[in-house]
Amino acid sequence: MKEEQLRSSNWFGRTGKDGFIYRAWMKNNGIPGHEFKKPVIGICNTWSELTPCNVHFRDLAEHVKRGVLEAGGFPVEFPVMSLGETLMKPTTMLFRNLASMDVEESIRANPLDGVVLLCGCDKTTPSLLMGACSVNLPTIIVSGGPMLTGKYKGNSIGTSDVWRLAAGLQTGTVNEAQLHSMEDALCRSQGHCAVMGTASTMACMVESLGLSLPGNAAIPAVDAHRKVLAQHSGSRIVEMVRQQLCLSDILTREAFENAIMANAAIGGSTNFVIHLLAIAGRIGVPLTLQDFDRLSRNIPLLVNLQPSGAFFMEDFYYAGGLPVVLKELDGLLHGGTLTVNGKTIGENYKTAECYDRNVIATATDPVNTVTGLAVLKGNICPDGAVIKPSAASPHLMQHTGPALVFESIDDYKNRINDDKLEVDANTILVLKNVGPKGYPGMPEVGNMTLPKKILEQGITDMVRISDGRMSGTGFGTVVLHVSPEAAAGGNFSVLQTGDLITLDVEQRTLEVHLTEEELQQRKTAWQPLPPHVSRGYVQLYTQQVQQAHLGADLDFLTGSSGAGVSKDSH
Ligand code: FES
């Protein structure tokens, strides 16, 4: 590729005043003139001490830079908004689309020829990828990798245990002192959550889409192989620029279908659905909620990882990682899709070997024949809802019970442990107004903790329905992403305590036993909640966010504006 064909030459290749300005200020960091003739590689970094899962990313970026330099590129690292799952309030999902805008505009506005996205904690992967898709430069992803498995008194622990601890605190089987000592044991190293939660699901998503080098998803954050992969990725992106291998060359419809099938096999997070829909919307690939159900149906669960199974990401890596899973799906996947290393996904997984069948099962003898994800339809959710059957209780997969309705998260918190609450194991808990517009931001509260008096009976699961999301580390018979959400005024908004509801996962239905006339009658009296915020980003988000079945992106952000800049001189 000739120097003048590089996108960056539109800055650094200029003569006169503009070229002077573009180069002169960059030289304050000791950059010699010949560097400006090389492919400029942006390293998009979500490092932040407020995002503990990504706190090692400065070091990781140095290893990417080594690779870029080795291949003859010019690396430039730049920060973008970082979304730390554990600290940000009210929920990182509220800011996923905002961070994607930061990424998109930062890439387009600067003299970059290719981009390396450093992704880790849950939303840092979809937000970066969504933004990059709307520019469509050559792009490769390096994930930060999972933490080492937590160890407590000889036992392995992970993020999914947080939900068990929360229930134990309610019933008094766990006390604050025990909680504190487990706090010291859970997060043993740098990296993201060590179970097949959303961060691990996202890392598997990008690998199965073909956007990372093979093996990227599972290598622990602190394993030296993670640094080697980062260096190789740095070298490879320079080659991708020379070949002009852009995101849209890799993100085909077939690549999305591969990712959906792989997600079912790993028992990935339900958040996968909402993020993949948003990514598809940015790159212009048609994808619907029904595609997830259709493509997941015949895929057995192959990976025995928490929250659906027993093991942790570290074990997954030692067992061979995602390439082994993809190889097990050979014949179902589109093996000919292109990946960032220039080979097809089939060529990449061809040589994969499994080293532990307790962790990654064969397709003929799977961990569970129950698929990882099901899409429900019915009069409660005409546009869909999702459930993760592999994390649910088999005896509740077909269940009819009376609704106990909470109108908001505050209503739930105020009443859930009220001794007078009329509830038994048969009851279906319904939580409204935790959707994209209603909360706003669609938080991970869908796997609401059961009432204390139910937990005290030794019952650990009930059917729960909401328009919110669930942490990828959560589990239970939890119906999520009800669309339209309560705040949009659909049938879900008019459910009342005592209504009889039937969930039938096998039939993929979720119905309230009310006639269309009864629902219409209730809707005539329905009033929207008053707006939470009347300025700034949150107001923009609430007005423009799409419903969950469309990916909850802002409506004006779907699609791409490409890599061109309209006004390009000072
Ligand atoms: Fe960052 Fe779980 S809190 S991945």
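Sequence order sets the numbering: in each chain, residues are counted from 1 along the sequence as written. The predicted nature of this model means local features are confined to residues of pLDDT at least 70 and side-chain atom pairs, given and counted, to a pLDDT of 80 or more, with totals for whole chains, interfaces and linings taken over all residues. Here the side-chain values reflect all heavy atoms present in the structure, with hydrogen atoms and water set aside.

### A few points about the overall build of the protein
Alright, step 1. Within the protein, the regular secondary structure consists of 20 helices and 14 strands.
Alright, step 2. We take the radius of gyration over the C-alpha atoms and set the globule estimate at 2.2 Å times the residue count to the 0.38 power. For a compact globule of 570 residues, the expected C-alpha radius of gyration is about 25 Å, and the protein comes in at 24 Å, within 12% of that figure.
Alright, step 3. Its C-alpha atoms put the protein at 75 × 55 × 50 Å along the principal axes.
Alright, step 4. Throughout this description, buried means an accessible area under 20% of the type-specific maximum (1.4 Å probe, protein chains only), exposed means over 50%, and partly exposed covers the range between. In the protein, buried positions account for 60% of the 570 residues.
Alright, step 5. Note on contacts: a residue pair is in contact if any heavy atoms of the two residues lie within 4.5 Å. Long-range contacts, defined here as pairs at least 24 residues apart, represent 76% of the contacts in the protein between residues at least 6 apart.
Alright, step 6. Carbon and sulfur atoms provide 51% of the accessible area of the protein, an area that totals close to 21700 Å².
Alright, step 7. Positive charges come from Lys and Arg alone, negative charges from Asp and Glu alone, with His and the N- and C-terminal ends not counted. Taken as the charge location is NZ of Lys, CZ of Arg, CG of Asp or CD of Glu. On the protein, the mean spot of the 47 positive side-chain charges and the mean spot of the 58 negative ones are 6 Å from each other. For the purposes of this entry, the term helix denotes a DSSP run of H or I that reaches at least four residues, the term strand denotes a run of E that reaches at least two, and both are numbered from the N terminus. Every accessible area reported is derived by Shrake-Rupley at a probe size of 1.4 Å, with residue values counting cover from the shown protein chains alone.

### Points about the packing of aromatic side chains
Alright, step 1. Only centres within 6.5 Å qualify two rings of Phe, Tyr or Trp (six-membered ring in Trp) as a pair; their planes then separate them into stacked at under 30 degrees, edge-to-face at over 60, and tilted for everything else. As enumerated under the stated definition, the model contains seven aromatic pairs in all.
Alright, step 2. Taking the centre distance of 5.8 Å and the plane angle of 85 degrees together, the rings of F36 and F74 count as edge-to-face. Taken together, the residues span a long stretch of sequence, with F36 in the loop between α2 (16-26) and β1 (40-45) and F74 in strand β2 (residues 74-79) at a distance of 38 residues.
Alright, step 3. Assessed through its relative accessible area of 5%, F36 is described here as buried.
Alright, step 4. Accessibility expressed as a relative area gives 3% for F74, which makes it buried.
Alright, step 5. Measuring from ring centre to ring centre gives 5.8 Å for Y317 and Y318, while their planes differ by 50 degrees; the resulting arrangement is tilted.
Alright, step 6. We classify Y318 as partly exposed; its relative accessible area is 47%.
Alright, step 7. Looking at R58, its charged tip hangs above the ring of W47, at a distance of 3.9 Å from the centre. Two conditions define a charge located above a ring, namely a distance within 6 Å from the ring centre to NZ of Lys or CZ of Arg, and an angle within 35 degrees of the ring normal.

### A short note on the layout of surface pockets
Any space left empty among the atoms is revealed by the rolling of a water-sized probe across them.
Alright, step 1. For each structure, a 1 Å grid was placed over the protein atoms alone; sets of points admitting a 1.4 Å probe that cannot get out are labelled cavities, open sets with protein on both sides within 12 Å along at least five of seven lines are labelled pockets, and lining residues have an atom within 4 Å of a point. Grid points are joined across faces, edges and corners, and a volume is the space filled by probe spheres set on the points. Estimates place the volume of the largest pocket at around 1300 Å³.
Alright, step 2. Along its surface, the largest pocket is lined by 46 residues, and E85, T86, T159, V162 and W163 are the ones closest to its centre.
Alright, step 3. Per element, the largest residue contribution to the lining of the largest pocket is six residues, and it comes from helix α6 (residues 161-171).
Alright, step 4. Following the grouping adopted for this structure description, the nonpolar residues are Ala, Val, Leu, Ile, Met, Phe, Trp, Tyr, Cys and Pro, the charged ones are Asp, Glu, Lys and Arg, and the polar ones are all others, Gly among them. Looking at the lining of the largest pocket residue by residue, the class counts come to 26 nonpolar, 13 polar and seven charged.

### So, the sheet that holds β1
Alright, step 1. In this analysis, strands are considered paired if DSSP registers two or more bridges between them. Read from one edge to the other, the open sheet built from four strands follows the order β2-β1-β3-β4, with strand pairing classed as parallel. Two strands lie at the open edges of the sheet, namely β2 and β4 (139-143), each paired on one side alone. Direction aside, the axes of adjacent strands within the sheet are offset by 20 degrees on average.
Alright, step 2. Against the sheet, helix α5 (residues 124-133) contacts β1, β3 (114-119) and β4, and its axis sits at roughly 165 degrees relative to β3.
Alright, step 3. Contacts between helix α9 (residues 224-243) and the sheet are confined to β1, β3 and β4, with β4 contributing the most and set at about 175 degrees to the helix. Geometry is summarised by axes, namely lines fitted to C-alpha atoms with helices restricted to the contacting stretch, and by angles between N-to-C directions that run from 0 to 180 degrees.

### Some remarks on helix α11 (residues 253-266)
Alright, step 1. Taking 1.5 Å of rise per residue, 14 residues should cover 20 Å, and α11 covers 20 Å from first to last C-alpha, within 8% of that figure.
Alright, step 2. For α11, the tally of buried residues reaches 12 of 14 residues, placing the bulk of the element in the interior.
Alright, step 3. Inspection of α11 places A255, F256, E257, N258, A259, I260, M261, A262, N263, A264, A265 and I266 among the buried residues, and these make up the whole buried set.
Alright, step 4. On its buried face, α11 is in contact with α8 (198-209), α10 (247-250), α12 (271-283), α13 (289-296), α15 (322-328) and α16 (345-349).
Alright, step 5. After α11 finishes, the residue G267 shows a positive phi value of roughly 70 degrees. Under the convention used throughout, the expected extent of a helix is 1.5 Å for every residue step, that is, one less than its residue count.

### Quick notes on α12
Alright, step 1. Spanning 13 residues, α12 covers 19 Å between terminal C-alpha atoms, matching the ideal 18 Å at 1.5 Å per step.
Alright, step 2. In terms of burial, α12 is largely enclosed, as 12 of its 13 residues are buried.
Alright, step 3. Three or more residues of α12 are buried, namely N271, F272, V273, I274, H275, L276, L277, A278, I279, A280, R282 and I283.
Alright, step 4. Positive phi appears at G284, one or two residues downstream of α12, with a value of about 85 degrees.

### So, the environment of L333
Alright, step 1. Note on placement: L333 falls in the loop between α15 and α16.
Alright, step 2. The sequence separation of L333 and A259 amounts to 74 residues, and the corresponding C-alpha distance is 8.9 Å.
Alright, step 3. Discounting residues that sit within four places of it in the chain, L333 has contacts with N258, M261, L326 and Y349.

### Points about the sheet that holds strand β7 (residues 374-376)
Alright, step 1. Within the open sheet, the eight strands sit side by side as β7-β8-β12-β11-β10-β9-β13-β14. Their pairing is mixed. Both outer strands of the open sheet, β7 and β14 (509-512), are each paired with one neighbouring strand and no more. Taking the axes of each pair of neighbouring strands and ignoring which way they run, one obtains an average angle of 30 degrees across the sheet.
Alright, step 2. Bridge count for strand β9 (residues 398-406) against strand β13 (residues 500-504) is five bridges, and the pairing is antiparallel. Looking at β13, one finds that T400 is bridged to T502.
Alright, step 3. Along the sheet, α13 contacts β7 and β8 (384-387); its crossing angle with β7, the most-contacted strand, is approximately 135 degrees.

### So, unusual backbone geometry
Alright, step 1. Cis peptide bonds are those with omega within 30 degrees of zero, and the linkage from Q306 to P307 qualifies with 10 degrees.
Alright, step 2. As for its placement among the helices and strands, P307 is situated in the loop between α13 and α14 (313-319).
Alright, step 3. In this chain, S483 is followed by P484 through a cis amide linkage whose omega measures 0 degrees.
Alright, step 4. Secondary-structure assignment places P484 in the loop between β12 (478-483) and β13.

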